[in-house]
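# Remarks on the overall topology
The lines below spell out each chain.
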Amino acid sequence: MKLTSAAFAEGGMIPAKYTCDGLDVSPSLAWSSVPAGTKAFALIADDPDAPAGTWVHWVLYNVPGSIAQFPEGVSGPGGAVQGRNDFGKVGYGGPCPPPGKPHRYFFKLYALDAPLALKAGAIKAEVERAIQGHALAQAQLMGTYGRSR
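The paragraphs below set out a description of the structure included in this document. (Residues numbered from 1 in each chain as written. Predicted model: local features only at pLDDT ≥ 70, side-chain atom pairs only at ≥ 80, totals over all residues. Heavy atoms only, no water.)

### Thoughts on the packing of aromatic side chains
Applying the stated criterion across every chain, the model contains 6 aromatic pairs. Centroid distance Trp58 to Tyr92: 5.2 Å. Interplanar angle 80 degrees. Geometry classified as edge-to-face. Taken together, the residues span a long stretch of sequence, with Trp58 in strand E4 (residues 55-64) and Tyr92 in the loop between strand E6 (81-82) and strand E7 (103-112) at a distance of 34 residues. Both residues of the pair, Trp58 and Tyr92, belong to the buried class. Members of the aromatic cluster, joined through ring pairs, are Trp31, Phe41, Trp58, Phe70 and Tyr92. (Phe/Tyr/Trp six-rings, centres within 6.5 Å; stacked < 30°, edge-to-face > 60°. Helix = DSSP H or I, 4+ residues; strand = E, 2+ residues; numbered from the N terminus. Buried < 20%, exposed > 50% of the residue type's maximum accessible area, 1.4 Å probe, protein only.)

### Points about the side chain of Asn85
Its location among the elements puts Asn85 in the loop between E6 and E7. A relative accessible area of 4% means that Asn85 is categorised as buried. A polar contact of 2.9 Å, which involves the side chain of Asn85, links it to the backbone oxygen of Gly91. The contact partners of Asn85, leaving out residues within four places of it in the chain, are Val56, His57, Trp58, Gly91, Tyr92 and Gly93. (Polar contact = N/O pair within 3.5 Å; in protein donor to acceptor, adjacent residues only side chain to side chain. Contact = heavy atoms within 4.5 Å.)

By themselves, these observations are geometric and do not establish any function.
As structure tokens, this is what we get:
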């Protein structure tokens, strides 16, 4: 499975539009080579370079298996469910690192054999536990973002 974005290339800089310095909307994402039997997708976006440890920016699950892309600023495509990020909010929270070295942001997409039995607002750890035994494939896209001040 392959995950891409029209907004940035693998390892490239995430445009400010998708961060706390811009509109703070989610970037467009698209995926291909989905395994047979995929019934749902889950997406987790996080920053392992955050000073306090890995910071979760986006948790989205129960995306219908028939969907192969998100437009920018998506909130609940096809009835998908938004989880809670480490900003304490439901939905997407863009990159917002402290000034200094750019951070890496990993968008991880999981193809699942069944929707997850989770209520809205689940956190990353709950989604990761629910994924166990249901992941058919995983794809990842990494972008960077840094702030000078």
